[in-house]
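# Residue-level structure breakdown
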Amino acid sequence: MKLHFINSFCYNPLSGSGSHVKDRITIQAPATVANMVCGFDVLGFAVNDPYDEMSICFTGKPGITIINEDEYNLPTDPERNVAGAALLAMLEETAGDIGFELRICKHIKPGSGVGSSAASSAGAVVAANWLLNNPFTNEDLVRFAMNGEKLASGVKHADNIAPCIYGGVTLIRSIFPLDIIQLTAPPLYVTIVHPQIEVRTSDARGILKQQVLLKDAIRQWGNIAGLVAGLLKSDYELIGRSLEDVLIEPVRSILIPGFDKIKQLSKEAGALGGGISGSGPSIFMLSKDEETAKAVEQQMHSVYERLSLDHHTYITTINQQGVKLIV
Ligand code: HSE
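Figured I'd write up the structure that's included with this text. Because the structure is predicted, anything quoted here is derived from the model rather than measured.

This next bit is on the overall build of the chain. Counting its regular elements, the chain contains ten helices and eleven strands. The globule rule puts the C-alpha radius of gyration for 327 residues at 20 Å, and the 20 Å found for the chain is close to it. Across the 327 residues that make up the chain, the buried fraction comes to 56%. Excluding contacts between residues fewer than 6 apart, the proportion of contacts in the chain whose partners are at least 24 apart in sequence is 74%. Split by element, the accessible area of the chain, about 14,100 Å² in all, is 50% carbon and sulfur. When the 27 basic and 35 acidic side-chain charges of the chain are each reduced to a single mean position, those positions are 3 Å apart.

Right, dumping it as structure tokens:
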């Protein structure tokens, strides 16, 4: 499916202001893998495939009109749509009676665990910012887009939003106040399997324990620090050792059929490691090279074929650009 918006009328209140203005902005917003196993709510990275497509223009009347051009039948009421919630937050800080028409063509299935709601929220505000001639910083855009995440999962978190906007691997040291650190990483191949079941982020958060044992916390922060160090030093072995989650995965993995088997077989096939993508049900594995990523994909297929479970797989790489301007 492709966006088809070419002939619709666009009004541009910035025309005639003397600055270079575009009447319509079209973008691609990448899928993201949040948590990166041990970094619950603080680490995430963007991938090159899949991505959503969106286009935005001014309408000439205040408010937001949402038009869905995909099969998902998501709400078009801006207060009930994650992209709408993000744009409403942005409009609160925008001078003038501005209105947008947003067309959304999602390719990232909602509830898949690869940042579908973040792609919508982040893509919408980045596109709107370009249309407005960039009055807002990336940090502002993360702040607006987190309103979409709040609508989707009940809480603000930025571990999908930040990598979607900035690209690459991001560390969100804090969200109040926002403190986002872009991390370098060595080349990595990402294999993702999406079993065709839906896990709502709000449900996957609701089952988590609110308290942790000190010994588990020590192990977890050792892993987070090890993962960050491994990424910065391009130390694949350290990255692999640090991809361990003793807090969240033991609770959430029961929601994902075949999880333990996929993890075991992927590592035997040479993956550095991996785990639940975001709140699931997708599972991701990192590999050093494409051949290993393909061998991992075969193992994922074999597990879900044995379980007769429909699934999609992706072999992709880390997206360094974030939301991309198309026209
Ligand atoms: N950090 C969030 C969670 C990501 O795991 O609930 C949701 O995609």
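Right, picking up where we left off after that structure.
Another aspect to go through is the side chain of N81. Along the chain, the position of N81 falls in the loop between β3 (63–68) and α1 (82–92). On the basis of relative accessible area, N81 is assigned to the buried category, the value being 5%. In contact with N81, not counting residues within four places along its chain, are I66, N68, P75, I104 and L151.

Here we come to the nonpolar core. Of all hydrophobic cores here, the largest spans 71 residues; its most connected members are F45, I56, L87, M90, F100, V142 and L286. Among the elements that make up this core, the one with the highest residue count is helix α2 (residues 116–131) (nine residues). Looking at which domains feed residues into this core, each of domain 1 (10–183 + 320–326) and domain 2 (189–317) supplies at least three. Other than its neighbours up to four places away in sequence, V142 contacts A158, I161, A162, I165, Y166, L178 and I180. Judged by nonpolar contacts, the second largest core, of 14 residues, contains V193, I262, I276 and M285.

Here helix α6 (residues 214–233) is 20 residues long and its end C-alpha atoms lie 28 Å apart, about the 28 Å a rise of 1.5 Å per residue gives. Three or more residues of α6 are buried, namely D216, A217, Q220, N223, G226, L227, V228, G230 and L231. For α6, the elements touching its buried residues are β2 (43–58), β5 (169–175), β6 (178–183) and α7 (236–242). Positive backbone phi, approximately 55°, marks S234, located one or two places after α6.

Time to look at the layout of surface pockets. Approximately 640 Å³ is the volume found for the largest pocket. P110, G111, S117, A152 and T201 are the residues nearest the centre of the largest pocket, which is lined by 37 residues in total. For the lining of the largest pocket, the elements supplying multiple residues, two or more each, are α2, α3 (138–153) and α5 (201–206). Its residues assigned to classes, the lining of the largest pocket comprises eleven nonpolar, 17 polar and nine charged. Counting contributing residues per domain, the lining of the largest pocket is built from domain 1 (10–183 + 320–326) and domain 2 (189–317), each supplying no fewer than three. In this structure, the second largest pocket encloses a volume near 330 Å³. As for the second largest pocket, its lining consists of 14 residues, and the residues nearest its centre are K209, Q210, Q211, V212 and I248. Within the lining of the second largest pocket, the residues separate by chemical class into nine nonpolar, two polar and three charged.

Rules behind the numbers
- Residues numbered from 1 in each chain as written.
- Predicted model: local features only at pLDDT ≥ 70, side-chain atom pairs only at ≥ 80, totals over all residues.
- Heavy atoms only, no water.
- Helix = DSSP H or I, 4+ residues; strand = E, 2+ residues; numbered from the N terminus.
- Rg over C-alpha atoms; globule rule 2.2 N^0.38 Å.
- Buried < 20%, exposed > 50% of the residue type's maximum accessible area, 1.4 Å probe, protein only.
- Contact = heavy atoms within 4.5 Å.
- Areas by Shrake-Rupley, 256 points an atom, 1.4 Å probe, with all protein chains shown as cover.
- Lys, Arg positive; Asp, Glu negative; His and termini not counted.
- Charge placed at Lys NZ, Arg CZ, Asp CG, Glu CD.
- Core = buried A, V, L, I, M, F, W, Y, C linked by side-chain atoms within 4.5 Å.
- Domains from an automatic or database assignment.
- Expected span 1.5 Å × (residues − 1).
- 1 Å grid on protein atoms, 1.4 Å probe; cavity = no way out; pocket = protein on both sides within 12 Å on 5 of 7 lines; lining within 4 Å.
- Points joined across faces, edges and corners; volume = space filled by probe spheres on them.
- Nonpolar A, V, L, I, M, F, W, Y, C, P; charged D, E, K, R; others polar.

Keep in mind these values describe shape, not function.
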